Amino acid sequence: MIYADNAATTKLDMDAFEAMKPFLLEDYGNVSQPYSFARAGKKALRQARVVIADCIGALPEEIYFTSGGTESDNWAIKGIMVGSKGSMITSEVEHHAVLHACRAVEELGGEVLYLPVNRRCEVQPDVLEEAVTSDIKLVSVMMANNEVGSIQPIKELSRISHEKGALFHTDGVQAAGHVEIDVNRLGVDLLSASAHKFNGPKGIGFLYIRKGTAIQPYMDGGSQEAGMRAGTENVAAIVGMAAALRKNCDHMRENQIRLRKLEQIMDDTLRKKGIDFIRNGNFGIPGNISLSIGGEEGEVLLHRLDLKNIYVSTGSACNSINTEVSHVIRAMKVPREYAEGTIRVSFGAGNTEEEALEVARALVEICK
């Protein structure tokens, strides 16, 4: 088996798993309780918050644990916009967690402006500068696109937003653990992340909220997460997330170099064998390869590779039921004869050079 769909989810890191085990089997007490049996969990929770904050240049009290990227995106957008009289801006290529949250804002009477992208899937700063006005309360642009891996000019976009008095949120789900993030250097007010994208467990994530940002609590109930997000904390998953993020950040540079090598192997092999394809995006996230192959159908390629025990995707796993050309590929204006043949190959921690070569050879065999 060759798993090459790491942009959809990643294998749980063994060090993260080992860190989780005590809080599944031994120190399983509810950390909201005052007795001594809850102390180990409380300490682990504090330490995890410190580790995650350090990985993104934040303060520990600016990290709020959630159930994952979707919840974090929803909280960032609805927590700012619901009940607000202002408008917001996002892009045409956001993850559906953002786009559908924006739709909910619209259904409640809010106005949302969707910015176009260029052929490299980038939101251009001058386009935002022209669009943002004094009534814009929030701008939400993803740090890295989940389908094509393009990295956005977040520092410049957040600067423009702040100059016009708007808050800035970025969906960092595809970027966290893979590229350097410093929330202060970038100037973002809110940032979403999800553990299973960087070899942590599923069902856990976090939302960075800059100190002083006025945002509504996401869930009512107990006093967890400083009264902002009620619900008994999943200590094991939180500890696993912190361990996985710390490990990815500590080994980021070497991982990037290795994944770029796998990209090059794929690209060189396909070109040498005469495969007619377009590489989408600005090649931002290492290992994320979006290919639009002329005269092919992405779904057919996916299933033919599946028969060879090679696992890739046609785009976002969250939209895999819809086999039409994705909203991202359409927004980038990829020519139709190529767009229909789009697949995403995303390498991760466990992939080797031999596997990259085998995936490329399998694609050549299928296309030929």
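The coordinates are above.
Residues numbered from 1 in each chain as written. Predicted model: local features only at pLDDT ≥ 70, side-chain atom pairs only at ≥ 80, totals over all residues. Heavy atoms only, no water.

(A) Focus on the side chain of Asp 73. Positionally, Asp 73 belongs in helix H4 (residues 69-81). Of the side chains with opposite charge, Lys 197 comes closest to the buried, unpaired Asp 73, at an N-O distance of 10.0 Å. If sequence neighbours within four positions are ignored, Asp 73 has contacts with Ala 97, Val 98, His 169, Asp 171 and Ser 192. (Helix = DSSP H or I, 4+ residues; strand = E, 2+ residues; numbered from the N terminus. Buried < 20%, exposed > 50% of the residue type's maximum accessible area, 1.4 Å probe, protein only. Lys, Arg positive; Asp, Glu negative; His and termini not counted. Salt bridge = Lys/Arg side-chain N within 4 Å of Asp/Glu carboxyl O. Contact = heavy atoms within 4.5 Å.)

(B) Molecular detail of the nonpolar core. Ile 63, Phe 65, Ile 181, Leu 191 and Phe 206 are the most contacted members of the largest nonpolar core, which totals 69 residues. By residue number, the principal contributor to this core is helix H9 (residues 235-250), which donates 10 residues. Residues within four places of Ile 181 in sequence aside, it is in contact with Cys 55, Ile 56, Gly 57, Met 143, Ala 175, Ala 176, Leu 186 and Leu 191. By size, the runner-up hydrophobic cluster in this structure holds 27 residues, among which are Ile 265, Met 266, Val 345 and Ala 360. (Core = buried A, V, L, I, M, F, W, Y, C linked by side-chain atoms within 4.5 Å.)

(C) Representation of the sheet that holds strand S9 (residues 277-279) within the structure. Spatial strand order, S9-S10-S12: 3 strands in an open sheet with antiparallel pairing. The two strands at the open ends of the sheet, each matched to only one other strand, are S9 and strand S12 (342-346). Taking the axes of each pair of neighbouring strands and ignoring which way they run, one obtains an average angle of 25 degrees across the sheet. With 5 bridges connecting them, strand S10 (residues 288-293) and S12 associate as antiparallel partners. Residue pairing in the sheet places Leu 291 in a bridge with Ile 343 of S12. (Pairing = 2+ DSSP bridges. Axes fitted to C-alpha atoms, helices over the stretch in contact; angles between N-to-C directions.)

(D) Focus on the side chain of Gln 152. Note on placement: Gln 152 falls in the loop between strand S5 (136-140) and helix H7 (154-163). Judged by relative accessible area, Gln 152 falls into the buried class, the value being 4%. Polar contacts involving the side chain of Gln 152 include one to the main-chain carbonyl oxygen of Cys 121, which spans 2.8 Å. Apart from the residues lying within four places of it in its own chain, the contact partners of Gln 152 are Val 93, Cys 121, Glu 122, Val 123, Val 141, Met 142, Met 143 and Leu 157. (Polar contact = N/O pair within 3.5 Å; in protein donor to acceptor, adjacent residues only side chain to side chain.)

(E) Broad picture of helix H3 (residues 39-56). With 18 residues, H3 should cover 26 Å at 1.5 Å per step; its first-to-last C-alpha distance of 26 Å lies within 8% of that length. Buried residues of H3: Gly 41, Ala 44, Leu 45, Ala 48, Arg 49, Ile 52, Ala 53, Cys 55 and Ile 56, and no others. On an axial view of H3, the arc spanned by its buried residues comes to 165 degrees, and they lie on one face. Counted as exposed and oriented over 90 degrees from the buried face of H3: Arg 39, Arg 46 and Asp 54. Looking at the buried positions of H3, the neighbouring elements they touch are helix H2 (22-25), strand S2 (63-66), helix H8 (183-186), strand S8 (205-209) and H9. Gly 57 lies just past H3 and shows a positive phi near 75 degrees. (Expected span 1.5 Å × (residues − 1). Arc of directions from axis to C-beta.)

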